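Results of the structural survey
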Amino acid sequence: MSGSSQHWIASAGAPLRGRVRVPGDKSISHRAVMLGALADGVTRVSGFLEGEDTRATARVFEQLGVLIETPSASERIVHGVGLHGLRAPGAPLDCGNAGTGMRLLAGVLAAQAFDSVLVGDASLSKRPMKRVIEPLERMGALIESHDGLPPLQVRGGRALHGVEYALPVASAQVKSAILLAGLYAQGTTRVVEPHPTRDYTERMLAAFGWPVDFSPGRAQLEGGHRLRATDVDVPADFSSAAFFLVAASVVPGSELCVDAVGMNPRRTGLLRALRAMGADIDVRNEREQGGEGVADLHVRYAPLRGIDVPVELVPDMIDEFPALFVAAACAQGRTVVRGAAELRVKESDRIATMAVGLRALGARIEETPDGAIIEGSTLHGGAVDSHGDHRIAMSLAIAAQRVGGPVRIDDVANVATSFPGFVALARGCGFGLDDAGEPASDQLV
Ligand code: S3P
């Protein structure tokens, strides 16, 4: 059942050509607002993602008494209130669709003097929160939920203490929630991960002057310091670039450059997977932007072959599997994904939604509990549902570039959570893609 009436009609367009610049990194944008709000002084954020998820986080901090100016699109000026300057909100705090927003906020709010309530949209309300509640409660927090699901009632006035916590699943969100609570805790907070995950919280805390001891797979800090405002220059989001990397790899005749993409090694697993499949992607002009490596990614069409995706790559490409599934369906031979059960608790069950979606377009794909087996297939037109999941919608739009007949993709409004302007950017470089707004009963299928 479709959650929003907005849908797309997609079909093979032209070979993809030109240069594109995708919006700012979602993970870094969330964290820039959060740390800016908790810092002493004024933080200027440039390259901020103007997506629904990150705007929801900014709105939450406004409700908590933080002044956030928007001098121009993709810019925020955050007037930090200091670690202890947040004010009790007068209403529930709405994180929208954003798991990152809710989980990281749980860590911050668990340490405040006041009570607060975190709520989210229908998708977020089904996502597991025990993974943050459990470690935060070990630190002394008190958080009530609906059997581990939002809304979260976060009790204030609790004195937190540091813990040593071994994460059962590799999750940067959980790690970050614990570290943020650790800012307020007495003593040392130490997190150990089963596989290294993105380290943006650690890096940004250090940039804001908080001593953090971290290396891949572990992070440690002590309570009792201060955050000092600093400017944050957000690089383009590798996860948004991923759709163009896959699209240009599978549409014959394509040659495309995706500019100034964030290249943190904990995010670029898809690049390694695509190269192992035979993709022709050049990393050019590597440089630093705001303390993060960025590069221009030059991609040319190349025939792909199926691979066994190495399990150790999974955390480094956790958000890119919907796009990888499309690459696999367009490749020659079999691709096997395993060790990726986390995909089942993202904005949708991404194994199931991609399996149903790609099958509707003629792909042979078999679900497994922790992944999928995908055979290279000849795709055809049809009707598919993104189940309100931004990355599913954009991935299915790529698949549609390989089919003659039209593909109708339902429930696409949430693309605005991470990639406002996707349709215009994609069309501009050759995608066959129409934003069809309200569905008309006589249209397609
Ligand atoms: C994120 C971490 C990942 C990722 C999400 C953003 C972050 O989630 O899927 O889109 O910003 O920390 P998990 O940490 O739950 O794997």
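Remember, it's a predicted structure, so these values are computed and weren't measured experimentally.

As for the site of the ligand
The immediate surroundings of the ligand are formed by Ser 27, Arg 31, Thr 100, Ser 171, Ala 172, Gln 173, Arg 198, Ile 318, Asp 319 and Lys 346. Separating an oxygen atom of the ligand from a side-chain N or O atom of Arg 31 is a distance of 2.7 Å. Contact between the ligand and Ala 172: an oxygen atom at 2.8 Å from a main-chain N or O atom of the residue. Protein chains shield 96% of the accessible area of the ligand, which is 380 Å² for the free molecule. Elements with a contribution of two residues or more to the shell around the ligand: α1 (26-38) and α5 (172-182). Broken down by class, the residue content of the shell around the ligand amounts to 2 nonpolar, 4 polar and 4 charged. Residues lining the shell around the ligand come from more than one domain, with at least three contributed by each of domain 1 (7-24 + 235-434) and domain 2 (26-233).

A short note on the domain arrangement of the chain
On domain assignment, one finds that the chain holds domain 1 (7-24 + 235-434) and domain 2 (26-233). Spacing between the C-alpha centres of domain 1 and domain 2 amounts to 29 Å. Tallying the contact residues gives 26 residues for domain 1 and 25 residues for domain 2. Taken together, the two surfaces of domain 1 and domain 2 that pack against each other cover about 2200 Å², and 47% of this comes from carbon and sulfur. Considering only the side of domain 1, the residues that lose the most area to domain 2 are Arg 266, Glu 347 and Thr 417, jointly responsible for 24% of the buried surface there. Seen at the junction of domain 1 and domain 2, the total is 4 salt bridges. The partner of Arg 127 in a salt bridge is Glu 347, with the nearest N and O atoms 3.8 Å apart. At the boundary of domain 1 and domain 2, one finds 14 residue pairs in polar contact (both at pLDDT 80 or more). Taken together, the residues that form the side of domain 1 that touches domain 2 break down as 7 nonpolar, 9 polar and 10 charged.

Observations concerning unusual backbone geometry
Cis geometry marks the peptide bond from Pro 150 to Pro 151, where omega comes out at -5°. With respect to the helices, strands and loops of the structure, Pro 151 is situated in strand β9 (residues 149-154). One non-glycine residue, Ser 74, lies in the positive phi region at around 70°. A positive phi angle is found at Asp 411, which is not glycine, with a value near 65°. Examined against the element boundaries, Asp 411 turns out to sit in the loop between β22 (407-410) and α12 (422-428).

Here we look at the side chain of Ser 239
Tracing the backbone through its elements, the reader meets Ser 239 in helix α7 (residues 238-250). Within the structure, the side chain of Ser 239 is placed 2.7 Å from the side chain of Glu 320, a separation counted as a polar contact. With sequence-adjacent residues up to four places away left out, Ser 239 is seen in contact with Arg 267, Asp 319, Glu 320 and Arg 391.

Side note on the sheet that holds strand β5 (residues 75-81)
In space, the 4 strands of this open sheet follow the order β4-β5-β3-β14, with mixed pairing throughout. Lying at the two open borders of the sheet, with one neighbouring strand each, are β4 (67-69) and β14 (232-233). Alignment of strand β3 (residues 40-46) against β5, held across 7 bridges, turns out to be antiparallel. Counted as the bridge partner of Arg 44 is Ile 77 from β5.

Points about the pairing of strand β16 (residues 280-289)
Note that β16 and strand β17 (residues 292-300) share 8 bridges and pair antiparallel. Along β17, the bridge assignment pairs Arg 287 with Val 294. The antiparallel hairpin formed by β16 and β17 contains 2 residues in its connecting segment, where Gly 290 sits at a positive phi of about 55°.

A short note on the packing of aromatic side chains
Enumeration according to the criterion identifies 7 aromatic pairs in this entry. With a centroid separation of 6.0 Å and an interplanar angle of 80°, the aromatic rings of Phe 422 and Phe 431 are classed as edge-to-face. Judged by relative accessible area, Phe 422 falls into the buried class, the value being 1%. Since its relative accessible area comes to 5%, Phe 431 is described here as buried. Following the ring pairs from residue to residue traces out a cluster consisting of Trp 8, Phe 243, Phe 244, Phe 419, Phe 422 and Phe 431.

So, how was this worked out
- Residues numbered from 1 in each chain as written.
- Predicted model: local features only at pLDDT ≥ 70, side-chain atom pairs only at ≥ 80, totals over all residues.
- Heavy atoms only, no water.
- Near = heavy atom within 4 Å.
- Polar contact = N/O pair within 3.5 Å; in protein donor to acceptor, adjacent residues only side chain to side chain.
- Areas by Shrake-Rupley, 256 points an atom, 1.4 Å probe, with all protein chains shown as cover.
- Helix = DSSP H or I, 4+ residues; strand = E, 2+ residues; numbered from the N terminus.
- Nonpolar A, V, L, I, M, F, W, Y, C, P; charged D, E, K, R; others polar.
- Domains from an automatic or database assignment.
- Contact = heavy atoms within 4.5 Å.
- Buried area = accessible area lost by both parts, 1.4 Å probe.
- Salt bridge = Lys/Arg side-chain N within 4 Å of Asp/Glu carboxyl O.
- Pairing = 2+ DSSP bridges.
- Phe/Tyr/Trp six-rings, centres within 6.5 Å; stacked < 30°, edge-to-face > 60°.
- Buried < 20%, exposed > 50% of the residue type's maximum accessible area, 1.4 Å probe, protein only.

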